[in-house]
Structures are given as structure tokens and as C-alpha cells.
Amino acid sequence: MASPFFGEFLGTFVLILLGDGVVAGVLLEKSKAKDSGWIVITAAWAFAVILGVFTAKAFGSADAHLNPAVTVAFAVQSGEYSKIPIYLPAQFLGAFLGAVAVYLHYLPHWKETKDSGKILAVFSTEPAISNPPSNFFSEFLGTFILILGIHSIFSAQIADVTTPMGVFFVGILVWVIGLSMGGTTGYAINPARDLGPRLAHYILPIPNKGNSGWKYAWLPILAPLIGGAIAGIFLKTIL
């Protein structure tokens with residue numbers, strides 16, 4: 001079954017299972033990890049990226065993007081767009097099913113959690129202060145830095161970085177983006193990471209859930225895609 005599609009699907013599934021899983025552990029009532037905080041969340045998301053990338057590579061995706069914004073960025077930079085129709089559906093499907101797995105894993109905890117905002121936060125992002133222009137810029141800039149960092153880590157100028165070491169550095173990159181820039185919007189920086197689980201929240205019979213925040217949902221899709229595309233143009237222009 002190893003293939004670029006399956007690799008991107010399974011890698012993104014692992015990313016969301018572990019990433020949304022830590023948020024559930026921190027926020028849901030009667031979880032042993034409850035209230036363990038932002039550093040725990042950002043650290044686990046970083047480790048989730050590392051494990052997701054290794055999984056994607058092991059099951060057929062040499063690129064292991066796990067993120068439509070990354071796929072778009074490097075398509076724009078290279079001028080090769082053939083991977084977009086393969087990678088993006090796999091990423092969105094993996095993200096959706098990863099969120100479903102989180103729901104099943106924490107099944108008894110949803111009915112114990114009465115705060116619908118915390119339940120939604122397990123699945124998707126929302127701004128700390130609702131200000132669409134500022135929120136858009138936060139997601140745009142975070143994604144731009146993500147692409148710039150990935151390119152820099154694997155650039156020819158750093159020839160002594162092996163692929164496994166580079167993957168660990170990408171995890172550190174995601175960690176520092178979360179710590180430094182994630183406090184504004186929750187650093188989606190990945191349209192699949194936000195839309196797939198948000199759709200799962202909308203569909204699943206989760207006790208005590210409120211609305212799925214569709215009024216905001218366009219922003220963590222569009223801003224990262226534009227951030228990725230601009231980063232791709234930037235790299236293509238200066239290199």
C-alpha cells in the first residue's frame with residue numbers, strides 16, 4: 001500500500017492524532033493531563049510533526065509535507081504542481097480521520113466537559129482576540145516562517161544535516177513557532193490540520209459541543225495557503 005498518497009494520509013493521521021490528542025488531554029475534564037499547559041501542547045505538537053513526517057516517509061511519501069501550505073509553497077517554488085491533486089486530498093482525509101480517532105480515544109471525557117469552547121479547541125483553532133486582519137497576518141506570517149525554516153534546514157548550504165536530523169529540526173521549528181507566535185491564533189499554519197478536525201467536530205455526536213466556528217474557519221485555510229504561496233515566490237525569486 002506504500003504510495004505518496006498513503007504516506008501523506010497516514011503521516012497526517014498521526015500528526016492530528018497526537019497533536020489534537022494532547023489538546024484533548026490538557027483541556028478535557030477528568031483527563032490526567034488536564035491543565036498541564038501551553039508548553040505541553042506546543043511540545044507535543046512538535047513531536048507529532050516529527051512522528052508524522054517519519055510515518056509519511058516510511059509509507060511512501062518522500063516529501064512528507066502533511067500540510068497543504070507546504071505542498072503549495074514548494075510547488076510554487078519549483079513550478080511543478082502535479083503533487084497537489086495527490087497530496088492535498090490525502091492530507092485532508094488523514095486530518096479528518098485523525099480527529100475521529102481522538103474523539104474515540106477520549107470518548108468518556110466529552111460528556112464530562114461542559115465547556116463547548118474547550119471541546120472545539122481540541123479540534124480546531126480560534127483567535128485569542130478576534131481581529132480578522134491581525135489574525136490573518138499571524139497565520140500568514142507563521143506559515144511563511146515555517147516554509148522559510150524548512151527550506152533553510154534542508155538547503156544545500158547546510159550539507160551536513162542528514163534527513164533524520166533535519167526532521168528533528170523541523171519539529172523544533174514548529175515548537176518555536178508555537179511558543180513564540182502561537183498565542184494569537186493557536187498557530188494552525190496548516191489548512192488540513194484545521195479544516196479536517198473542524199469537520200469532524202461538526203459531524204461527530206460529541207456531547208456538550210456547540211457550533212463548529214465556521215465564521216472563522218476560512219481564515220486558517222486561506223492565510224496559510226497564501227503564506228505558503230508567497231514563501232514559494234520569495235524562494236523562487238531570490239535563489
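See the structure shown above.
The model shown is predicted, which means the values in this text are computed figures rather than measured ones.

Enquirer: I'd like to hear about the overall build of the protein, residue by residue, with values.
Expert: Scanning the protein for helices and strands turns up ten helices and zero strands. Reading the protein from its N end, one meets helices and strands in the order α-α-α-α-α-α-α-α-α-α. For the C-alpha atoms alone, the extent of the protein along its principal axes is close to 50 × 40 × 30 Å. Residues counted as buried form 52% of the 239 residues belonging to the protein. Sequence separation of 24 or more characterises 78% of the internal contacts of the protein that already satisfy a separation of 6 or more.

Enquirer: Explain the packing of helix α2 (residues 38-58) against helix α7 (residues 163-181) to me, and be specific about the residues and the numbers.
Expert: In the contact formed by α2 and α7, the axes pass within 8 Å of each other and the chain directions differ by 150°. The angle between α2 and α7 places the two elements in the roughly antiparallel class. Considering the relative orientation of α2 and α7, their crossing is right-handed. Side by side, α2 and α7 meet where W38, I39, T42, A43, A46, F47, V49, I50, V53, F54 and K57 of the first sit next to T163, P164, V167, F168, V170, G171, V174, W175, G178 and L179 of the second.

Enquirer: Let's hear about unusual backbone geometry: which residues, and what values?
Expert: Unlike most non-glycine residues, D35 shows phi in positive territory, near 65°. Within the secondary structure, D35 is located in the loop between α1 (4-27) and α2. The class of D35 is exposed, set by a relative accessible area of 57%. Phi at I189 takes a positive value of approximately 40°, unusual for a residue other than glycine. As for its position among the elements, I189 is in the loop between α7 and α8 (191-203). Residue I189 is classed as buried on the basis of its relative accessible area of 6%.

About the criteria used
- Residues numbered from 1 in each chain as written.
- Predicted model: local features only at pLDDT ≥ 70, side-chain atom pairs only at ≥ 80, totals over all residues.
- Heavy atoms only, no water.
- Helix = DSSP H or I, 4+ residues; strand = E, 2+ residues; numbered from the N terminus.
- Buried < 20%, exposed > 50% of the residue type's maximum accessible area, 1.4 Å probe, protein only.
- Contact = heavy atoms within 4.5 Å.
- Axes fitted to C-alpha atoms, helices over the stretch in contact; angles between N-to-C directions.
- Parallel < 35°, antiparallel > 145°, perpendicular 65-115°, else oblique.
- Left-handed = near helix turned anticlockwise from the far one by under 90°.

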